[in-house]
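Single-letter residue listing:
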Amino acid sequence: MSYMLLEILAEEAFKGNKPSSTFRAKSFIKVAIKISQNFNVQCEPKHVDNHLKTVKNEWGIITKLKNKSGFGWDDCLKMITVSKDVYNEEVKV
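Small disclaimer: the values here were computed from a predicted structure and weren't measured.

A. Quick look at helix H1 (residues 2–14). When the terminal C-alpha atoms of H1 are compared, their 18 Å separation across 13 residues agrees well with the 18 Å that a helix rising 1.5 Å per residue should span. Every buried residue of H1 is accounted for by Met4, Leu5, Ile8, Leu9 and Glu12. Along H1, the residues classed as buried sweep out an arc of 125° about the axis, all on the same side. Away from its buried face by more than 90 degrees, H1 exposes Tyr3 and Phe14. Tucked inside the fold, the buried residues of H1 contact helix H2 (25–39) and helix H3 (45–66). In the stretch just after H1, glycine 16 is the one whose phi turns positive, near 95°.

Cut-offs applied
- Residues numbered from 1 in each chain as written.
- Predicted model: local features only at pLDDT ≥ 70, side-chain atom pairs only at ≥ 80, totals over all residues.
- Heavy atoms only, no water.
- Helix = DSSP H or I, 4+ residues; strand = E, 2+ residues; numbered from the N terminus.
- Expected span 1.5 Å × (residues − 1).
- Buried < 20%, exposed > 50% of the residue type's maximum accessible area, 1.4 Å probe, protein only.
- Arc of directions from axis to C-beta.
- Contact = heavy atoms within 4.5 Å.

Take it as geometry only, folks, not as evidence of what the structure does.
This is the structure in structure tokens:
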């Protein structure tokens with residue numbers, strides 16, 4: 001579901017429907033309709049907006065960790081990699 005949301009929003013941005021730091025309301029409506037149809041759920045534009053905020057927050061955390069010394073990114077698994085020692089030190093902090 002998240003992948004579809006991001007895919008449609010990327011198309012909307014390409015079409016010019018993201019004039020500033022946020023999307024136009026019609027973009028959220030379009031995503032909500034497609035998700036409702038494809039997953040047989042009730043999705044509202046406010047759900048799309050909230051989920052986008054969650055994705056942005058999670059991506060910020062991932063980016064912050066990737067940039068720390070000892071952390072990496074496995075592109076095949078799409079996840080952060082870190083040795084046990086570095087992880088244990090990070091958890092202590």
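Structure's up, so let's keep going.
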